[in-house]
Amino acid sequence: MAATSAATLSIGSTACVGAKANSAYNSKTSGLSFNSRNCLRSFTGLKAASSVSCDSDSSFVGKESCAAIQHSFVSRAQKPSQRSYNYVQPQASYKVAILGAAGGIGQPLALLIKMSPLVSALKLYDVANVKGVAADLSHCNTPSQVFDFTGDKELASCLKDVNVVVIPAGVPRKPGMTRDDLFNINASIVKDLIEAVADNCPDAFIHIISNPVNSTVPIAAEVLKQKGVYDPKKLFGVTTLDVVRANTFVAQKKNLRLIDVDVPVVGGHAGITILPLLSKTKPSVAFADEEVQELTVKIQNAGTEVVEAKAGAGSATLSMSYAAARFVESSLRALDGDSDVYECSYVQSNLTELPFFASRIKLGRNGVEALIKSELEGLTEYEQKALEALKPELKASIEKGINFVHKQPVAA
């Protein structure tokens, strides 16, 4: 986000936008740009106009949702030295905490969230090395203030009055590792952090990134239940990266404009539990059987591809940060009153016999407003078989998470 010589300010934020009916919706992306010769006095060094316009070629905010962002800006007039200046002032009002902010996902994610005009306070927590991250980010001339918190003693302060908690904390995958290999370490980390969330901000939206998501979300749910504060509408496994990858790969394969492509991804967030519903792609496009097989496997194995390409130096940190920032922005827009926010997420669900399942959801001020059942109807034979094949593995991962909590005492 930077000023240009043409005095244009583009704000990036991602949206998955749907129609008001549950059965029909589209995911579109666009952006906001400010073009003006006037000074934006609340942002040193940036310029803007007194109005907000949509730019359909940008990669963030959906057209139908531009009004939601427009409502976060108020035009005001001043008359210094007998001259009038119209400028826009972001009404940033939401507090976001990132737990694991000094890590490979946490740092770029913090930068992207710092760019949101809806965030007033960005609270960064980690066990070490977070002060430098906060100092660095605090120099960015965007509305949110940045605060750092280090270690267990400062975790409660970090979580006080927070609206959205994002948890990327944990160890990353390395070559040869599966997400389940991370379980023993990351399960304990997530459990401890969720206990703190339950004690300090039980009404916050909780975004779980720490893998294996298929198990860590059930872990979070069980901890919250034992604490007596579980609200299934506010607990989300962030599977947005699977959608981002599916959209990208399909657009490349079919030579489509990326901003027009929307592929719902259901199931879970590991291996064969990731099921892109290519038959539901928007815009409608035909796939040969071999293309369906190729794309499905590519989407399912995309994370492993990055891990191997980085050769031990990390996992898919940048694309994950991008996808997580998209989901955070969607949550913030929903909290801000946008009634047209749809994303795919791994949540408590009754769409199948499994207690947790990733699907398209409608987001609102209180969290999940609706599960979109229609996308699981009219599946192709390939998709239906893949759906049935993923269920045993996903069920086992869910049970593994639940059993972990039952074997571990939850702090009072």
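Under an unreviewed UniProt entry, the name given to the protein is malate dehydrogenase, and the source organism is Coffea arabica. The Sequence similarities (unreviewed entry) field of the UniProt record for the protein holds the comment "Belongs to the LDH/MDH superfamily. MDH type 1 family." The protein has a UniProt comment under Subunit (unreviewed entry) that states "Homodimer."

Enquirer: Describe in detail the packing of helix α7 (residues 240–254) against helix α10 (residues 317–335), supporting the description with residues and values.
Expert: Interaxial distance between α7 and α10 falls to 8 Å at its minimum, and their mutual angle equals 110 degrees. Classed by the angle they form, the pair α7 and α10 counts as roughly perpendicular. As α7 packs across α10, the resulting crossing turns out to be right-handed. Across the interface between the two elements, T240, L241, V243, V244, R245 and N247 of α7 pack against S319, M320, Y322, A323, R326 and F327 of α10. In terms of residue class, the contact of α7 with α10 is made up of 7 nonpolar, 3 polar and 2 charged.

Enquirer: Quick rundown of unusual backbone geometry? Include the residues and the values.
Expert: Put simply, N211 and P212 share a cis peptide bond, and its omega is 0 degrees. Inspection of the secondary structure assignment puts P212 in the loop between β10 (205–208) and α6 (213–226). Cis geometry marks the peptide bond from K282 to P283; its omega dihedral reads -5 degrees. With respect to the secondary-structure elements, P283 resides in the loop between β13 (274–276) and α8 (289–300). Its identity as a non-glycine residue notwithstanding, N129 has a phi of 65 degrees, on the positive side. With respect to the helices and strands, the residue N129 is situated in the loop between β7 (119–126) and α3 (130–137). A positive phi angle, close to 55 degrees, is found at N255, a residue other than glycine. Residue N255 is classed as exposed on the basis of its relative accessible area, which comes to 72%.

Enquirer: I'd like to hear about the pattern of salt bridges, residue by residue, with values.
Expert: Pairs can form between side chains of opposite charge whenever their charged atoms are close. In this structure the tally under the stated criterion is 15 salt bridges. We note a salt bridge from E195 to K191, for which the minimum N-O separation is 2.8 Å. With E195 and K191 both in helix α5 (residues 183–200) and 4 residues apart, the pair spans about one turn of that helix. Taking the relative accessible area as the measure of exposure, E195 reaches 8% and is therefore buried. A residue is classified by how much of its surface remains accessible, and K191, at 7% relative accessible area, is buried. Connected through salt bridges with shared partners, the residues D262, R360 and E375 form a single ionic network.

Enquirer: I'd like to hear about α8, residue by residue, with values.
Expert: Along its 12 residues, α8 runs 17 Å from first to last C-alpha, staying within 8% of the 16 Å computed at 1.5 Å per residue. Within the span of α8, buried status applies to E291, V292, L295, T296, I299 and Q300. Seen end-on, α8 carries its buried residues on one side only, within an arc spanning 150 degrees. Looking at the buried residues of α8, the elements they touch are α7, β13, α9 (302–310) and α11 (381–407).

Enquirer: Explain the packing of aromatic side chains residue by residue, including any values.
Expert: Counted under the stated rule, the structure contains 4 aromatic pairs. Centroid distance F205 to F236: 5.5 Å. Interplanar angle 50 degrees. Geometry classified as tilted. Here the residue F205 occupies a position in strand β10, and F236 occupies one in strand β11 (residues 235–237), the gap between them amounting to 31 residues. No difference in accessibility class separates F205 from F236, as the two residues are buried. On the numbers, 6.1 Å between centres and 40 degrees between planes, the contact of Y346 with F356 is tilted. Of this pair, Y346 sits in strand β14 (residues 341–348) while F356 sits in strand β15 (residues 356–364), placing them 10 residues apart in sequence. Y346 gets classed as buried once you look at its relative accessible area, which sits at 0%. Connected via pairs of aromatic rings, a cluster forms that spans F205, F236 and F327. The cationic tip of K298 hangs over the ring face of F249; the distance from NZ or CZ to the ring centre is 4.5 Å.

Enquirer: I'd like a description of the environment of L275, backed by residues and values.
Expert: Inspection of the secondary structure puts L275 in strand β13. Using a relative accessible area of 1% as the deciding quantity, one classes L275 as buried. Distance in space between the C-alpha atoms of L275 and A386 is 7.2 Å, their sequence separation being 111 residues. With residues up to four places along the chain from it excluded, the contact list for L275 reads P264, V265, V266, E383, A386, L387 and L390.

Rules behind the numbers
- Residues numbered from 1 in each chain as written.
- Predicted model: local features only at pLDDT ≥ 70, side-chain atom pairs only at ≥ 80, totals over all residues.
- Heavy atoms only, no water.
- UniProt positions renumbered as here; feature names shortened; annotations may be inferred.
- Axes fitted to C-alpha atoms, helices over the stretch in contact; angles between N-to-C directions.
- Helix = DSSP H or I, 4+ residues; strand = E, 2+ residues; numbered from the N terminus.
- Parallel < 35°, antiparallel > 145°, perpendicular 65-115°, else oblique.
- Left-handed = near helix turned anticlockwise from the far one by under 90°.
- Contact = heavy atoms within 4.5 Å.
- Nonpolar A, V, L, I, M, F, W, Y, C, P; charged D, E, K, R; others polar.
- Buried < 20%, exposed > 50% of the residue type's maximum accessible area, 1.4 Å probe, protein only.
- Salt bridge = Lys/Arg side-chain N within 4 Å of Asp/Glu carboxyl O.
- Expected span 1.5 Å × (residues − 1).
- Arc of directions from axis to C-beta.
- Phe/Tyr/Trp six-rings, centres within 6.5 Å; stacked < 30°, edge-to-face > 60°.
- Lys NZ or Arg CZ within 6 Å of the ring centre and 35° of its normal.

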